[in-house]
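Spelled out, the chains give:
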Amino acid sequence: MKPERYQLHSILCATLAIAALQILSQPVWIFNGIGVDSWLYHGYFLSLRSHLVAFASTYYGTRLGWILPGHIVYSLLSPLYANSALRLFVYAVTLISLVTHAYRWYGRKCAWMAGMLLCAYGDFLCELGTDYVDGMVVAYASLCLEELGAAALAIRENRTAWHRMAIAGAAMAAVVHSNLAAFVFVLFLGSWFLSKVGWRGLRYVPSAMLGSVALTVLLGLSSVSVGGPFLFFAPSISWALRAVGQPNAAAHPILEWLPSAWWLITLFVVSTLGLIRLARLTPSERSLYLGDLALPASILVFWVALLNLDNPQLEYPYYTSYSIPLLFVCVATLLAPVVDELPAFLFLGLPLLALFIGLLPHTTALPPVALWVTGALIVALVVGEFLKSK
């Protein structure tokens, strides 16, 4: 085994061990909380055929990218074990994808630090702990990002990237077939890819489309096999078209929810730091890191614009959690220049922090505590670099 591959595998094993300890200790947050939708998808996991019939005209059953993995796991294991296995599956896909991406682009230490910050990020852990679609959307988007990153490096080195782009396309299709609203990732991840390889990356679009079509056909055949339609996604598209221009009952005046919107803190802080860092780079450096550092700010501006259209993406944590892969890329980019100078105790202390946050006894205590601790750590690590460079 090559030394660099051994290093990557060691980091992955260590981070996955933290994830396994967090999940297998059965903390309260891995069980569904309050919310009708989470329990509705739980019903699909337990009785797929009957739910496809009962909710045939709704968009719920179109989200096969999430429903099918859940149904398979619950078909193989008893409910308690299936719940833990499903959480660990989503966690592992996300962690392996993002840590591998950070390792390829920024090296061993940055991959370790960024991976541990992800394990300690309360918003991420909370999204893993429900049967709503957001955790799986984050996992598929992370896989898409990792494959796009591998393809970009291959293109830069004049190696073939068709297979990587096909996998990326399939992962993006899985994102969309878990929640049509996450289609926005096509825009942001595609822009990131082009920022790394330029317009020559467009010649790989057919490969990505082929992967997307292949995954969609596979899901369609799976739908038919359990009594659903081949065009399983049609109700989602119909619902989205009907919703255009209509008042959204889920949208509320901004002053009613913004003061308590804790889930926006990290997104705002990382977006601001990314833009500050971008402004301090030389023009040549800026062209290299524009895609990495501007991602969180870009999606934040996009969601703010949607507020004017009664689209409440920022109003609910399970929508803004979709930004986690973009946050990860920006944080890894911010950490890369300073990671070699960080004290050794941080590399040892972060796993303990992740375990502490993951094992907090009450679900309601998890998001604010974990968010503030992780946010403070990110700010301390990154702002120190700016102050020192003056």
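This is a predicted model, so every value here is computed, not measured. (Residues numbered from 1 in each chain as written. Predicted model: local features only at pLDDT ≥ 70, side-chain atom pairs only at ≥ 80, totals over all residues. Heavy atoms only, no water.)

**Description of helix H18 (residues 324-335)**
When the terminal C-alpha atoms of H18 are compared, their 16 Å separation across 12 residues agrees well with the 16 Å that a helix rising 1.5 Å per residue should span. Counting buried positions over the 12 residues of H18 gives 12, a clear majority of the element. For H18, the complete set of buried residues consists of Ile324, Pro325, Leu326, Leu327, Phe328, Val329, Cys330, Val331, Ala332, Thr333, Leu334 and Leu335. (Helix = DSSP H or I, 4+ residues; strand = E, 2+ residues; numbered from the N terminus. Expected span 1.5 Å × (residues − 1). Buried < 20%, exposed > 50% of the residue type's maximum accessible area, 1.4 Å probe, protein only.)

**Quick word on the packing of helix H8 (residues 134-156) against helix H9 (residues 162-176)**
As a packed pair, H8 and H9 sit with axes 8 Å apart at the nearest point and diverge in direction by 160°. Between H8 and H9, the interaxial angle falls into the category roughly antiparallel. Our pair here, H8 against H9, has a crossing hand that is left-handed. Packed against H8, whose contacting residues are Val137, Tyr140, Ala141, Leu143, Cys144, Glu146, Glu147, Leu148, Ala150 and Ala151, the element H9 presents Arg164, Met165, Ile167, Ala168, Ala171, Met172, Ala174 and Val175 at the interface. Partitioning the contact of H8 with H9 into residue classes produces 15 nonpolar, no polar and three charged. (Axes fitted to C-alpha atoms, helices over the stretch in contact; angles between N-to-C directions. Parallel < 35°, antiparallel > 145°, perpendicular 65-115°, else oblique. Left-handed = near helix turned anticlockwise from the far one by under 90°. Contact = heavy atoms within 4.5 Å. Nonpolar A, V, L, I, M, F, W, Y, C, P; charged D, E, K, R; others polar.)

**Focus on a nonpolar patch on the surface**
On the surface, Val213, Val217, Leu221, Val224, Phe230 and Leu231 cluster together into a nonpolar patch covering about 510 Å² of accessible area. Position of Val224 among the secondary structure elements: in helix H11 (residues 205-225). (Patch = residues over 30% accessible without salt bridge, like charges linked within 9 Å, V, L, I, M, F, W, Y side chains within 5 Å. Areas by Shrake-Rupley, 256 points an atom, 1.4 Å probe, with all protein chains shown as cover. Salt bridge = Lys/Arg side-chain N within 4 Å of Asp/Glu carboxyl O.)

**Comments concerning the packing of aromatic side chains**
Scanning all chains against the criterion turns up 20 aromatic pairs. The interplanar angle of 25° and the centroid separation of 5.6 Å between the aromatic rings of Phe45 and Tyr74 together place this pair among those described as stacked. Here Tyr74 lies in helix H4 (residues 64-76) and Phe45 lies in helix H2 (residues 36-46), a separation of 29 residues in the sequence. Note on Phe45: relative accessible area 1%, which makes it buried. (Phe/Tyr/Trp six-rings, centres within 6.5 Å; stacked < 30°, edge-to-face > 60°.)

**Focus: the nonpolar core**
Tyr91, Phe124, Phe185 and Phe193 are the most contacted members of the largest nonpolar core, which has 122 residues in total. Among the elements that make up this core, the one with the highest residue count is H8 (14 residues). Every residue in contact with Tyr91, bar those within four places of it in the chain, is listed here: Ala19, Gln22, Ile23, Cys119, Phe124, Leu125 and Leu128. (Core = buried A, V, L, I, M, F, W, Y, C linked by side-chain atoms within 4.5 Å.)

**Points about the pattern of salt bridges**
Two side chains that carry opposite charge are able to pair once their charged atoms sit near each other. Tallied over the entire structure, the rule returns five salt bridges. Here Glu157 ties to Arg159 by a salt bridge, and the two come within 2.8 Å at their closest N and O atoms. A relative accessible area of 48% places Glu157 in the partly exposed class.

**Some details on helix H10 (residues 184-197)**
Along its 14 residues, H10 runs 21 Å from first to last C-alpha, staying within 8% of the 20 Å computed at 1.5 Å per residue. Taken together, the buried positions of H10 are Val184, Phe185, Phe188, Leu189, Trp192, Phe193, Lys196 and Val197.

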